[in-house]
Amino acid sequence: MNSGAFFLYQGSDHPEKRLGVTKDDFATVDIVRMVDGEQTFFADYQKLESFKNDPTIFEAVEQLHQELKDMSQEQDMTM
């Protein structure tokens, strides 16, 4: 996972923010979205053929879930 992207997402004060992944220069899926302090995870990467069998994507999403879960517990955010 690109830790720079994670820190940009985490540090952004925009009212809506998203973190996703682009593969093969054109296929993009959102992994997580935050609006008004409420975070939503998406599982679209599990449905798209080019993403669903990619171990790198699964590892990054797993790590992202854990880091955001830890962060939200520290900040008492809603997931």
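Attention here is on the structure that accompanies the text. Values in this document were obtained by computation on a predicted structure and should not be read as measured data.

**Side note on the sheet that holds strand S3 (residues 38–41)**
Piece 1. The three strands lie next to each other as S1-S2-S3, forming an open sheet whose pairing is antiparallel. A strand with exactly one partner marks an edge of an open sheet, and here the two such strands are strand S1 (16–23) and S3. Averaged over all neighbouring strand pairs, the angle between strand axes comes to 25°, with direction disregarded.
Piece 2. As paired elements, S1 and strand S2 (residues 27–35) share eight bridges and run antiparallel to each other. The residue bridging lysine 23 from the neighbouring strand is alanine 27, located in S2.

**Let's talk about the side chain of lysine 17**
Piece 1. Locating lysine 17 in the fold gives a position in strand S1.
Piece 2. Aspartate 13 provides the closest opposite charge to the buried, salt-bridge-free lysine 17, at an N-O distance of 7.9 Å.
Piece 3. Side-chain polar atoms of lysine 17 contact the backbone oxygen of tyrosine 9, separated by 2.8 Å.
Piece 4. Within the local environment of lysine 17, its side chain forms a polar contact with the backbone oxygen of serine 12, the two atoms lying 3.0 Å apart.

**Looking at the packing of aromatic side chains**
Piece 1. This model, assessed by the stated rule, comprises two aromatic pairs.
Piece 2. Relative to phenylalanine 7, the ring of phenylalanine 6 lies with its centre 5.5 Å away and its plane at 70°, an arrangement referred to as edge-to-face.
Piece 3. Note on phenylalanine 6: relative accessible area 4%, which makes it buried.
Piece 4. Judged by centre distance (5.4 Å) and plane angle (70°), the ring pair of tyrosine 45 and phenylalanine 58 falls under edge-to-face. Residue tyrosine 45 is found in the loop between S3 and helix H2 (49–52), and its partner phenylalanine 58 is found in helix H3 (residues 55–75); the two are separated by 13 residues along the sequence.
Piece 5. The ring of tyrosine 9 has lysine 17 sitting right over it, with the charged end atom 5.0 Å from the ring centre.
Piece 6. Between lysine 23 and the ring centre of phenylalanine 51, over which it is positioned, the NZ or CZ distance is 5.9 Å.

About the criteria used
Residues numbered from 1 in each chain as written. Predicted model: local features only at pLDDT ≥ 70, side-chain atom pairs only at ≥ 80, totals over all residues. Heavy atoms only, no water. Pairing = 2+ DSSP bridges. Helix = DSSP H or I, 4+ residues; strand = E, 2+ residues; numbered from the N terminus. Axes fitted to C-alpha atoms, helices over the stretch in contact; angles between N-to-C directions. Buried < 20%, exposed > 50% of the residue type's maximum accessible area, 1.4 Å probe, protein only. Lys, Arg positive; Asp, Glu negative; His and termini not counted. Salt bridge = Lys/Arg side-chain N within 4 Å of Asp/Glu carboxyl O. Polar contact = N/O pair within 3.5 Å; in protein donor to acceptor, adjacent residues only side chain to side chain. Phe/Tyr/Trp six-rings, centres within 6.5 Å; stacked < 30°, edge-to-face > 60°. Lys NZ or Arg CZ within 6 Å of the ring centre and 35° of its normal.

By themselves, these figures tell us nothing about what the structure is for.
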